[in-house]
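These are the residues of each chain, in order.
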Amino acid sequence: DGMNVLLIIVDDLRPVLGCYGDKLVKSPNIDQLASQSMVFSNAYAQQAVCAPSRVSFLTGRRPDTTRLYDFYSYWRVHAGNYSTMPQYFKENGYVTLSVGKVFHPGISSNYSDDYPYSWSIPPFHPSAEKHENDKTCRGKDGKLYANLVCPVNVTEMPGETLPDIQSTEEAIHLLNIMKTNRQKFFLAVGYHKPHIPLRYPQEFLKLYPLENITLAPDPWVPKKLPSVAYNPWMDIRQRDDVKTLNVSFPYGALPDDFQLQIRQSYYAAVSYLDVQVGLLLNALDNVGLSNSTIVVFTADHGWSLGEHGEWAKYSNFDVATRVPLMFYVPGMTTSLVSQGARVFPYLDPFSHIGGSVPQGQSKKVVELVSLFSTLAELAGLEIPPACPEMSFGVVLCTEGTSIVHYFNVSERMMEEDKEGCDNTDRCFKEEPFAFSQYPRPADTPQWNSDKPKLKDIRIMGYSMRTIDYRYTLWVQFDPNNFSANFEDVHAGELYMMENDPNQDYNIYYNTSHGWLFKKILD
């Protein structure tokens, strides 16, 4: 009958997870999912900001096709009436359900999370969401503030809860209904944390004593970073606790002790998220559906934690574009368990010791825009056709190719493949790469550099990531006709991964890269 789908989308989560090799974080439940999953260690978002990324992977089209680079247009009106991934599953007999932040709310999903096109019933939003930016963080003086770093006593919160707790409860409720009704479902659950404000139950701080936290390995603005590439993290500056620090715009550094607190709270928020994921997956076991449900876990983009002197997303660096991506497919990534056996017993991050290794891991570079076709193939649906060059009038097609063929190839075989490449040009053409892009209003950091509105965009940074390098061109862009002019290059970046994995040493200006220019134009 085909598998159910549980799609977990996290806001602003870079891969600081045990299963991605992070030694500090406590993420036992997500790691347990990884131990039964195919894990992609080089997965990238198409634009490092919420609405454009989500609309991109939920429609299977790149931002230049959705024409959404900000938050202020609905693709069905503004670009083309594109079918979405949940809509496709709905049209193929699934009950499609949305809990929490799946589409970005507001204009970009028609103030309805694209209901009724994408969803069988109106999407659920936790009532506590409206308090996210309220003054709920208790300061040292006992007063309440709208802080960036915001560990809280949940019993003191409005309704004595937090949005992600409510989303988990609703998702579990829906799983129970689906079990009773025996309906095939596509359930998308969107978690808010670790999105700012870093507001989470205060007990999670205990997992991360401040003395165990370190600064970013490269907390300075790189010498050869073009000014257009820098994001001045305006949303951080607007928080009460950051305002009091009087950090100069745009390049002033946050004090080291405050950097450590942000990093500590980001980790604490990830462990809080891990508990929610653990409870949700445990519920999948409880209703007896772990054997018949594909589980996908990913994020809309990453988040800089002080690297390059930057915070938040809004850039083309790996820290902003790289995401966790894993697929649990019963009978494929793991053998089916006997009736009643548990696949996802809940693990308490406060007491659980020891990590778990991913079931399968691919280092292949992949893109979130491939999620639509990949999930369709895994569920046994017809894979939507590849989009033609111009696809504004095409309702159903995708610009991302399915990555299922990477699932059963062992790393060893891939290595052999590489050696068996006799024709360098052919090998080079087949090398997988990920495209990301980011708009800017000017060549130097402005108050609106992080999130320029469409009408203010003057430059687009197109970035190509392969296993060996990241190559970025910042080119002139006309928002009136959505055109990029590659003959007018404002700046460039080139980082070689082997000796510069953190992307600190831009060698664009002392390297010949005509072949890369040709490749990015293709």
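Residues numbered from 1 in each chain as written. Predicted model: local features only at pLDDT ≥ 70, side-chain atom pairs only at ≥ 80, totals over all residues. Heavy atoms only, no water.

- Naming follows an unreviewed UniProt entry, where the protein chain appears as Iduronate 2-sulfatase of Copsychus sechellarum.
- Taken verbatim from the UniProt record of the protein chain, the Subunit (unreviewed entry) comment is "Monomer. The 58-kDa mature form is composed of two chains resulting from proteolitic processing, the 42-kDa chain and the 14-kDa chain that remain stably associated and form the 58-kDa intermediate form which is enzymatically active."
- Listed in UniProt under the heading Catalytic activity (unreviewed entry), the comment for the protein chain reads: "Hydrolysis of the 2-sulfate groups of the L-iduronate 2-sulfate units of dermatan sulfate, heparan sulfate and heparin." (UniProt positions renumbered as here; feature names shortened; annotations may be inferred.)

## Quick notes on helix H6 (residues 163-181)
Phase 1 of the analysis: A rise of 1.5 Å per residue sets the reference length of H6, with its 19 residues, at 27 Å; its end C-alpha atoms lie 27 Å apart and thus fit the reference within 8%.
Phase 2 of the analysis: Buried within H6 we find Pro163, Asp164, Gln166, Ser167, Thr168, Glu170, Ala171, Leu174, Leu175 and Met178.
Phase 3 of the analysis: As for H6, its buried residues are in contact with strand E3 (95-100), strand E7 (185-191), strand E8 (198-201) and helix H9 (256-286).
Phase 4 of the analysis: Once H6 ends, the next one or two residues include arginine 182, with phi positive near 55°. (Helix = DSSP H or I, 4+ residues; strand = E, 2+ residues; numbered from the N terminus. Expected span 1.5 Å × (residues − 1). Buried < 20%, exposed > 50% of the residue type's maximum accessible area, 1.4 Å probe, protein only. Contact = heavy atoms within 4.5 Å.)

## Some words on the pairing of strand E12 (residues 322-328)
Phase 1 of the analysis: When you tally the buried positions in E12, you get six out of seven residues, the bulk of the element.
Phase 2 of the analysis: Across five bridges, the pairing between strand E2 (residues 38-44) and E12 is antiparallel. Bridging from a neighbouring strand, phenylalanine 40 pairs with leucine 325 of E12.
Phase 3 of the analysis: Note that strand E9 (residues 293-299) and E12 share four bridges and pair antiparallel. Within the sheet, the bridge partner assigned to phenylalanine 297 lies in E12 and is methionine 326. (Pairing = 2+ DSSP bridges.)

## A word on the side chain of asparagine 316
Phase 1 of the analysis: With respect to the helices and strands, the residue asparagine 316 is situated in the loop between strand E11 (311-312) and helix H10 (318-321).
Phase 2 of the analysis: At 3.2 Å, the side chain of asparagine 316 and the backbone oxygen of glycine 461 are in polar contact. (Polar contact = N/O pair within 3.5 Å; in protein donor to acceptor, adjacent residues only side chain to side chain.)

## A closer look at the nonpolar core
Phase 1 of the analysis: By size, the foremost hydrophobic cluster in this structure holds 132 residues, and its most contacted members are Phe40, Phe186, Leu187, Ile262, Phe297, Leu325 and Phe327.
Phase 2 of the analysis: Looking at which element gives the most residues to this core, the answer is H9, with 16 residues.
Phase 3 of the analysis: Sequence-distant contacts of leucine 325, that is, excluding residues within four places in its chain, are made with Tyr20, Met38, Val39, Phe40, Ala43, Val296, Phe297, Thr298, Val366, Leu368, Leu371 and Ile403.
Phase 4 of the analysis: Counting 18 residues, the second-largest nonpolar core is a separate cluster that includes Tyr69, Met464, Phe477 and Ile520. (Core = buried A, V, L, I, M, F, W, Y, C linked by side-chain atoms within 4.5 Å.)

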